[in-house]
Amino acid sequence: MDNASYHSMKIDKAPTSNTRKADIIKWLEDKGEVVDRTMVIPQLSHIVKRLKPAHNRYVIDELAKNSGYTVLRLPPYHCELNPIELAWSSVKNHVRMNNTTYKLPDVKKLLIEGIDRVDAQMWKNFISHTKKEEVKFYEVDNIIDEMLSAEKDDLVMTITGDTSSETDSDTE
């Protein structure tokens, strides 16, 4: 699942600093938090920030869970891991390559044609491509992990050139 706003509707939206103080206190108390009612909104917001991750549940995730499924969310800004982006790219390309009149009814017709062109074989190719991209991400992630976990003694930094802090004009 990508992170589009309509896929990320919260079940129990956490209050923000713009929320009324009474509503922030109610949200915190509903979570079992004991609240000093003399606290100001920034102090209450700090508690909300601490509790928020534990109560970060999405409507679509709960619907899927109730049907025995688990939603896996894509990392933000990684469209290359979402095959629908390849399908949209194909549709938009069809419209771009065949649009000669630039009239809305004609563009709509081209859009429908572009969607109809995305058949089962194209979907298989899009999914296959996405899986290959995912493997690349894992490989890069493993390389980074190996580099970061290397012993300090194994890391060598080579500095080339003059490392003195004086410049030529300072020494003349």
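Residues numbered from 1 in each chain as written. Predicted model: local features only at pLDDT ≥ 70, side-chain atom pairs only at ≥ 80, totals over all residues. Heavy atoms only, no water.

Where helix H4 (residues 83-98) meets helix H5 (residues 104-117), the axes come as close as 8 Å, and the angle between the chain directions of the two elements is 135°. Judged by the inter-axis angle, H4 sits oblique to H5. Note that H4 runs across H5; the crossing there is right-handed. Contact residues: Trp88, Ser90, Val91, His94, Val95 and Asn98 in H4; Val107, Leu110, Leu111, Glu113, Gly114, Ile115 and Arg117 in H5. The residue makeup of the contact of H4 with H5, split by class, is seven nonpolar, four polar and two charged. (Axes fitted to C-alpha atoms, helices over the stretch in contact; angles between N-to-C directions. Helix = DSSP H or I, 4+ residues; strand = E, 2+ residues; numbered from the N terminus. Parallel < 35°, antiparallel > 145°, perpendicular 65-115°, else oblique. Left-handed = near helix turned anticlockwise from the far one by under 90°. Contact = heavy atoms within 4.5 Å. Nonpolar A, V, L, I, M, F, W, Y, C, P; charged D, E, K, R; others polar.)

Below, the discussion takes up the nonpolar core. Ala14, Ile24, Ile25, Trp27, Leu28, Val35, Met39, Leu44, Ile47, Val48 and Leu51 together form the largest nonpolar core, which totals 11 residues. Every element with two or more residues in this core is listed here: helix H1 (21-30) and helix H2 (41-51). Not counting the four nearest positions on each side in its chain, Ala14 is found in contact with Trp27, Val48 and Lys52. With five residues, the next largest nonpolar core counts Val91, Val118, Met122 and Phe126 among its residues. (Core = buried A, V, L, I, M, F, W, Y, C linked by side-chain atoms within 4.5 Å. Buried < 20%, exposed > 50% of the residue type's maximum accessible area, 1.4 Å probe, protein only.)

Moving on, we get to helix H6 (residues 120-149). Here H6 is 30 residues long and its end C-alpha atoms lie 43 Å apart, about the 44 Å a rise of 1.5 Å per residue gives. Burial in H6 covers these residues: Met122, Phe126, Thr130 and Glu133. Along its buried surface, H6 packs onto H4 and H5. (Expected span 1.5 Å × (residues − 1).)

Looking now at the pattern of salt bridges. Close approach of charged atoms allows side chains of opposite charge to pair. Within the structure shown, the criterion is met by 10 salt bridges. The closest approach of N and O atoms between Lys26 and Asp30, which form a salt bridge, is 3.0 Å. Of this pair, Lys26 and Asp30 both sit in helix H1, four residues apart, roughly one helical turn. We classify Lys26 as partly exposed; its relative accessible area is 48%. The exposure class of Asp30 is exposed, given its relative accessible area of 51%. In the salt-bridge network here, residues are joined through shared partners; they are Arg57, Glu62 and Lys65. (Salt bridge = Lys/Arg side-chain N within 4 Å of Asp/Glu carboxyl O.)

As far as function goes, none of this settles anything; it's purely spatial.
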